Amino acid sequence: MTQIRTLLGKWRERGAPADDEMAEFSIVAQSGAVDGLDAALQAAFGDVAFTLRPAFSGVVGEETGHRFFILSFPDLAVRGNEAIAFETARALAELPEVASARPVLIDSLVGEAMVAREIATESIFSFCSTDDPGPAEHGWAPYSLGVLAAWNKTRGDGVTVASIDTGYSDHDELADVITTTKPHLNLVEGGADARDRFSTSGLMSNPGHGTLVASVVASRGTINPDATTNGPNSVTGAAPDAKILPIRAIRSVIDIRQSRIPAAIEHAIATDCDVIIMALGSPFPIESVEVALRAAVRRGMVVVCAAGNCVGAVIFPARFAPQGLTTAVAAVDYQYMPWEKTSSGDTVTVSAFGEAVWGARKSRANGANNFVEPAQGTTLASSLTAGVAALWVAANGGRAALKAKADAAGVTVQKLFNDALVATAYRPAGWARGMGAGLVNAGAMVSHAIPAGLELVADVPLAVDHVTPLRRFLSPTIGETESIAGLEAATMPEELAAEVLWRFHHANARRRFTATAPHRESLALEAVPPPSRETPALLARLAEKPSLRALLR
């Protein structure tokens, strides 16, 4: 208790947080200690103000014994204080009532937001983009994934895709796309209005992200044999008869608080959605995100996630793909080569187009409602794949029919989907390592026969509140970049794993930044400051791990 009070007292002296930057922690209560958790925290924190709320408010909370919480400190700023956040999480985990604690940091899908903001300029922050305009035909990307063949069987009618993102806008490309029969949710400002508030600004804000995702998944229209589109507007999504349920859980893909994601997934479950698209990410997951994913997959939902941009290694939740909780999608260009900014690695399931993909663009509330442009990133690749997931679900008689087949075989619909992606993927000559089984092939997907139960290996049953220790991800994640460092990481204790993963991804982004930023010949690595210094506990461990120490800086 004394250690926690000392840390919080030191932290409070560092100033108040900016909007949506208060310190937060994911807390898992010990079984039998839920009722006494609030009182235990009050005793530990003294006069430091805090709030404690359940991570789940519905069925997932009931299934897991209401053990998952979000702890917030409204007077403490998390940005720039990550080291003390990691120290505080370890101190929290030592309380008798707490089974696990992880800090909720300000996360990003994009590596450019992980490097120092002090040197932010418009030219420098263009490093996470490419300048190839690509094909002019607005429908080239879904067309080249084979959607015309798939549409002979289905266009996704009857399938709802939950988009956990910034929300949506009144863009022409979203006419008839947004569902009106399922309740929307806004977890940022609160309430049921999931419209994007365009509440971030600056060079990296990437406003209107949810509008882009929804258009690439399900914008209405058709595509001609020459890859041009026919109305009602300019863009046609991969599943143009599917519906989108918008859940506003983030302000921007470079301004992500994981504390809202568990409730967002729970809402997708409660509203009976079929597919979830999450083009967002973090260096490490909080416990309740994994539990929420398990709940969604257990109900037969398909979860599609972006691998990440300008980071190098695959981020969470996409990195949960080997655990059967997601589909991890990397990005290729229109020549089937890896998009040069994509994350990649052994955890990638498949790739889809992620450069020069046409979609709706709206960057402010009063912006034009008919503007479209080619965009890039694993956001586009995962959105196209989510559309193909909607086609696959519809082609197989809907989620209930798929779940019945999966249950009979002792597997999940997520596994059936990932297996079908791998089995049908188009793999051109020279396919790059780390880009998954190949390119998504929509036409082959909808015709792929689901194996009989005896042909499948049943999943290992896990508890509904199972949380994978973070240290299990250290060696596979870091070893993809540097094998010796990966071996050294394997012996790191669980309490340091979150900090190691966070520093690894930030160091990766920093190295990629200095290697690819404009005018990089005058931008030395030393000119880009690393994140806050390692905690003393991590520094002590790194003293005997030279390769890992070098990789984390």
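Refer to the structure above for everything that follows.
Here the structure is a predicted model, which means the values were calculated and not measured.

**Here's the deal with the side chain of serine 382**
Secondary-structure assignment places serine 382 in helix 10 (residues 378-395). In terms of polar contacts, serine 382 uses its side chain to reach the backbone carbonyl oxygen of threonine 379, at 3.1 Å. Among residues more than four places away in sequence, those in contact with serine 382 are Ile277, Ala279, Val304, Cys305, Ala306 and Val329.

**Quick look at the pattern of salt bridges**
Considering all chains together, one arrives at 31 salt bridges under this definition. For arginine 155, the salt bridge is made with aspartate 241, and the minimal N-O distance between the two is 3.4 Å. One end of the pair, arginine 155, is in the loop between helix 6 (147-151) and strand 6 (160-165); the other, aspartate 241, is in the loop between strand 9 (229-230) and strand 10 (243-248), with 86 residues separating them in the sequence. We note a salt bridge from arginine 248 to glutamate 189, for which the minimum N-O separation is 2.9 Å. Of this pair, arginine 248 sits in strand 10 while glutamate 189 sits in the loop between strand 7 (185-186) and helix 7 (209-218); the two residues are 59 residues apart in sequence, bridging distant segments of the chain. Judged by relative accessible area, which is 0%, arginine 248 ranks as buried. Relative accessible area serves as the criterion here: at 40%, glutamate 189 is assigned to the partly exposed category. The structure contains a network of salt bridges with shared partners spanning Asp19, Asp20, Arg251, Asp255 and Arg260.

**Thoughts on the pairing of strand 13 (residues 302-306)**
Taking burial as the measure, the 5 residues of strand 13 include 5 buried ones, the bulk of the element. As paired strands, strand 12 (residues 275-278) and strand 13 are joined by 4 bridges and run parallel to one another. The partner of methionine 278 across the bridge, within strand 13, is cysteine 305. As a crossover connection, the stretch from strand 12 through helix 9 (residues 287-298) into strand 13 is right-handed. Where strand 13 and strand 14 (residues 327-332) come together, 3 bridges link them in parallel fashion. Bridge assignment links alanine 306 to a residue of strand 14, and that residue is valine 329.

**Structural notes on the pairing of strand 1 (residues 22-29)**
In terms of residue burial, strand 1 counts as a mostly covered element, since 7 of its 8 residues are buried. Sheet topology note: the strand 1/strand 3 (residues 68-77) ladder contains 7 bridges and is antiparallel. The partner of isoleucine 27 across the bridge, within strand 3, is phenylalanine 69. When strand 1 meets strand 4 (residues 98-104), the two strands line up antiparallel, connected through 6 bridges. Note that in strand 4 the partner of alanine 29 across the bridge is valine 98.

**Remarks on helix 8 (residues 261-270)**
Along an α-helix, residues three or four positions apart point the same way, because every turn accommodates 3.6 residues. Burial within helix 8 is extensive, with 9 of its 10 residues counted as buried. Ile261, Pro262, Ala263, Ala264, Ile265, Glu266, His267, Ala268 and Ile269 are the residues of helix 8 that are buried. In the segment just after helix 8, aspartate 272 is the residue with positive phi, at about 65 degrees.

**Here's the deal with the packing of helix 7 against helix 10**
At their nearest, the axes of helix 7 and helix 10 sit 8 Å apart, and the two run at 40 degrees to each other. In terms of their interaxial angle, helix 7 and helix 10 are classed as oblique. Helix 7 and helix 10 meet at a crossing whose hand is right-handed. Only Thr379, Leu380, Ser383, Leu384, Ala386 and Gly387 of helix 10 make contact with helix 7, whose side of the interface consists of His209, Leu212, Val213, Val216 and Val217. Within the contact of helix 7 with helix 10, the residues separate by chemical class into 7 nonpolar, 4 polar and no charged.

The rules behind each value
Residues numbered from 1 in each chain as written. Predicted model: local features only at pLDDT ≥ 70, side-chain atom pairs only at ≥ 80, totals over all residues. Heavy atoms only, no water. Helix = DSSP H or I, 4+ residues; strand = E, 2+ residues; numbered from the N terminus. Polar contact = N/O pair within 3.5 Å; in protein donor to acceptor, adjacent residues only side chain to side chain. Contact = heavy atoms within 4.5 Å. Salt bridge = Lys/Arg side-chain N within 4 Å of Asp/Glu carboxyl O. Buried < 20%, exposed > 50% of the residue type's maximum accessible area, 1.4 Å probe, protein only. Pairing = 2+ DSSP bridges. Right-handed = clockwise from strand over helix to strand, strands pointing away. Axes fitted to C-alpha atoms, helices over the stretch in contact; angles between N-to-C directions. Parallel < 35°, antiparallel > 145°, perpendicular 65-115°, else oblique. Left-handed = near helix turned anticlockwise from the far one by under 90°. Nonpolar A, V, L, I, M, F, W, Y, C, P; charged D, E, K, R; others polar.

Function-wise, these values are silent; they only describe arrangement.
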